[in-house]
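Here's the letter readout for the chains.
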Amino acid sequence: MNRKFSTILVTGGAGFIGTNFIHYLFGKAGFDGRVVNLDALTYAGNPENLAAVQKVHGGKRYFFERGDICDRALVEGLFDKYEVDAVAHFAAESHVDRSILGPEAFVRTNVMGTYTLLDVARKAWKGRDDVLFHHVSTDEVFGSLGDEGYFREDTAYDPRSPYSASKASSDHLVRAYHHTYGLPITLTNCSNNYGPYQFPEKLIPLMILNMVEGKSLPVYGDGKNIRDWVFVEDHNSAVWLVMREGRAGESYNIGGENEWENIKLLDRLMEIVSLKAGASVEDYRKLVTYVKDRPGHDRRYAIDCSKLKKELGWKRESSFEAGLARTVDWYLGNKPWIDSIRSGDYLKWIEANYKQR
Ligand code: NAD
Ligand code: TYD
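Attention in this report is confined to the structure presented alongside it. (Residues numbered from 1 in each chain as written. Chains lettered and ligands numbered in written order. Predicted model: local features only at pLDDT ≥ 70, side-chain atom pairs only at ≥ 80, totals over all residues. Heavy atoms only, no water.)

Things to note about helix α9 (residues 262–277)
Given 3.6 residues per turn, any residue in an α-helix points the same way as the ones three and four places further on.
So, step 1. Its 16 residues give α9 an end-to-end C-alpha distance of 22 Å, which sits within 8% of 22 Å, the value for a rise of 1.5 Å per residue.
So, step 2. Of the residues making up α9, those classed as buried are Asn 262, Leu 265, Leu 266, Leu 269, Met 270, Ile 272, Val 273 and Ser 274.
So, step 3. Following α9 by one or two positions, Gly 278 has its phi on the positive side, about 65°. (Helix = DSSP H or I, 4+ residues; strand = E, 2+ residues; numbered from the N terminus. Expected span 1.5 Å × (residues − 1). Buried < 20%, exposed > 50% of the residue type's maximum accessible area, 1.4 Å probe, protein only.)

Regarding the site of ligand 2
So, step 1. Lining the immediate environment of ligand 2, one finds 18 residues, of which Glu 140, Pro 218, Arg 227, Arg 294 and His 297 sit closest.
So, step 2. A distance of 2.6 Å separates an oxygen atom of ligand 2 from a polar side-chain atom of Glu 140.
So, step 3. Take Arg 294: an N or O atom from its side chain is 2.5 Å from an oxygen atom of ligand 2.
So, step 4. Bound to the protein, ligand 2 loses 97% of the 510 Å² it would expose on its own.
So, step 5. Counting only elements with at least two residues in the shell around ligand 2, the list comes to α7 (203–212) and β8 (217–220).
So, step 6. Of the residues forming the shell around ligand 2, the biggest block, three residues, is contributed by β8. (Near = heavy atom within 4 Å. Polar contact = N/O pair within 3.5 Å; in protein donor to acceptor, adjacent residues only side chain to side chain. Areas by Shrake-Rupley, 256 points an atom, 1.4 Å probe, with all protein chains shown as cover.)

As for unusual backbone geometry
So, step 1. Its identity is not glycine, yet Leu 41 carries a phi of approximately 55°, on the positive side.
So, step 2. When you line up the elements, Leu 41 lands in the loop between β2 (34–39) and α2 (51–57).

Regarding the environment of His 23
So, step 1. Among the secondary structure elements, His 23 is positioned in helix α1 (residues 16–26).
So, step 2. Distance from His 23 to Leu 203, taken between C-alpha atoms, is 23 Å for residues 180 residues apart in sequence.
So, step 3. Not counting residues within four places of it along the chain, the set of residues in contact with His 23 comprises Asn 49, Leu 50, Val 53 and Tyr 197. (Contact = heavy atoms within 4.5 Å.)

What about the packing of aromatic side chains?
So, step 1. Tallying each qualifying case throughout the model produces 20 aromatic pairs.
So, step 2. Each ring, one from Tyr 197 and one from Trp 330, has its centre 4.7 Å from the other, and the planes form 50°; the classification is tilted. Residue Tyr 197 is located in the loop between β7 (192–194) and α7, and its partner Trp 330 is located in helix α12 (residues 320–333); the two are separated by 133 residues in the primary sequence.
So, step 3. By relative accessible area, Tyr 197 is classed as buried at 18%.
So, step 4. Ring geometry for Trp 330 versus Trp 337: centroids 5.0 Å apart, planes at 70°, classification edge-to-face. Comparing Trp 330 with Trp 337 shows no difference in burial state: the two are buried.
So, step 5. In this structure an aromatic cluster arises from ring pairing among Phe 142, Phe 151, Tyr 157 and Tyr 301.
So, step 6. Positioned above the aromatic ring of Tyr 43, the side-chain terminus of Arg 98 is 3.4 Å from the ring centre.
So, step 7. Against the face of Tyr 301 rests Arg 227, its NZ or CZ located 3.9 Å from the ring centre. (Phe/Tyr/Trp six-rings, centres within 6.5 Å; stacked < 30°, edge-to-face > 60°. Lys NZ or Arg CZ within 6 Å of the ring centre and 35° of its normal.)

As for the nonpolar core
So, step 1. Of all hydrophobic cores here, the largest spans 72 residues; its most connected members are Ile 8, Phe 21, Met 211, Trp 240, Met 243 and Leu 269.
So, step 2. Not counting chain neighbours up to four residues away, the residues in contact with Trp 240 comprise Phe 5, Ile 8, Phe 21, Tyr 24, Leu 25, Ala 29 and Phe 31.
So, step 3. Formed by 24 residues, the second largest nonpolar core is a distinct cluster that contains Leu 78, Val 87, Leu 117 and Ala 121. (Core = buried A, V, L, I, M, F, W, Y, C linked by side-chain atoms within 4.5 Å.)

Digging into the sheet that holds strand β9 (residues 226–231)
So, step 1. If you trace the three strands from one edge of the open sheet to the other, you get β7-β9-β11, paired in mixed fashion. The outermost strands of the open sheet, each flanked by one partner alone, are β7 and β11 (259–261). Taking each pair of neighbouring strands and ignoring which way they run, the sheet shows an average axis angle of 50°. (Pairing = 2+ DSSP bridges. Axes fitted to C-alpha atoms, helices over the stretch in contact; angles between N-to-C directions.)

Points about the pairing of strand β3 (residues 62–66)
So, step 1. Strand direction decides the pairing type here: β2 and β3, joined by five bridges, are parallel. Across the sheet, the residue bridging to Asn 37 is Phe 64, located in β3.
So, step 2. Running through α2, the crossover from β2 to the neighbouring parallel element β3 is right-handed. (Right-handed = clockwise from strand over helix to strand, strands pointing away.)

Things to note about the site of ligand 1
So, step 1. Surrounding ligand 1, one finds 28 residues, the nearest of these being Ile 17, Asp 39, Ser 94, Tyr 163 and Lys 167.
So, step 2. Within the backbone of Ala 40, a nitrogen or oxygen atom sits 3.1 Å from a nitrogen atom of ligand 1.
So, step 3. One of the backbone nitrogen or oxygen atoms of Ile 69 is found 3.0 Å away from a nitrogen atom of ligand 1.
So, step 4. Contact with the protein chains hides 96% of the accessible area of ligand 1, taken as 840 Å² for the molecule alone.
So, step 5. Among the secondary structure elements, those contributing two or more residues to the shell around ligand 1 are α1, β5 (132–138), α6 (162–181) and β7.
So, step 6. Within the shell around ligand 1, the residues separate by chemical class into 13 nonpolar, twelve polar and three charged. (Nonpolar A, V, L, I, M, F, W, Y, C, P; charged D, E, K, R; others polar.)

Quick notes on the packing of α1 against helix α8 (residues 232–245)
So, step 1. One way to put it is that α1 packs onto α8 with a least axis distance of 9 Å and a crossing angle of 65°. When the interaxial angle is binned, α1 and α8 end up roughly perpendicular. In this structure, α1 crosses over α8, and the sense of that crossing is right-handed. Here α1 contributes Phe 16, Ile 17, Asn 20, Phe 21, Tyr 24 and Leu 25 to the contact with α8, which in turn contributes Val 232, Glu 233, His 235, Asn 236, Ser 237, Val 239, Trp 240 and Met 243.
So, step 2. Partitioning the contact of α1 with α8 into residue classes produces nine nonpolar, four polar and one charged. (Parallel < 35°, antiparallel > 145°, perpendicular 65-115°, else oblique. Left-handed = near helix turned anticlockwise from the far one by under 90°.)

And the structure:
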């Protein structure tokens, strides 16, 4: 199997992983077709992330379309206008804490938005098999692990937050469109990503910026929850591999095989940032503040990605140390980006969130 696409509709391409995916397509992946980036530009999306791509390929091989994936007429129009033959579906509401405070947007975008894209694709593609709908999902659909074991592709779904429940629902719809209508789909479930362009409400960028700004470093609960961290470019190389070579109808798990307790990760991050910023790690340690736990906080995520490695030969390129160093450098070197994304409702939300704790 080696699929070729001429026009990929990337949804959510102005967010963290989607931005990196588009950079990857035009860079290392060597994709030679067109990319249409459909993004509603919520608080998490920033079209400036792709200014360099726009400059070189804008209007020829790269097209930015601001819009909502729930807007059926708009999505139909894009399929028609650009003769889309693949979808890489990244758009979502993606932050667990926000889903606890306001689940509705998650159900709307993650469930209804995915349904709308699937249904438009089904009708536009009318039984073609030279097309593909790739759905980007999370390991959080599998629930929470104890000290032992790993999530595999056949692990039963057990989502426990409004975010993961909405993603699980979208995964089921994607598979249902394959089984019922024969829509060619592939699906990936990935562990926690880190890297450039991640919105600083997620653990790693939030902590880096708070260190530099001398703000408290809020650790939820006992700090011993475990996440499996993967560099965003390794996630995207896997997505692209699955899109080209994955079997239609199949899911593939993606992970870093890199488990860290939050508090140990924070400790390592403090060491790296202090070295790079020329600051004292002891001063950073004084900022660590244990706060009330996240309600329903999943204890441990860990991915078994042997299917992806054995079947498609996927390999990670980045070690955790190298990926973290690149990430810290990026946040220390991109103040204008940080200022610009914070100009939205970022601060308002952070304040409301911490008031609750
Ligand atoms: P993000 O929040 O950084 O970006 C989401 C993007 O989607 C934003 O640009 C936003 O403007 C856009 N968007 C939101 N609602 C939209 C709508 N209704 N219509 C059109 N665009 C809309 O998210 P991310 O971290 O880049 O995650 C991307 C995908 O990867 C999501 O599907 C997420 O569930 C999945 N995922 C994320 C991680 C992670 O660690 N961040 C891990 C595994 C899977
Ligand atoms: P997060 O980056 O929100 O990703 P997810 O909840 O999708 O795994 O959080 C990663 C881990 O870090 C999770 O166990 C919650 C914890 N966490 C904190 O302890 N403090 C924080 O300020 C944040 C944002 C997260």
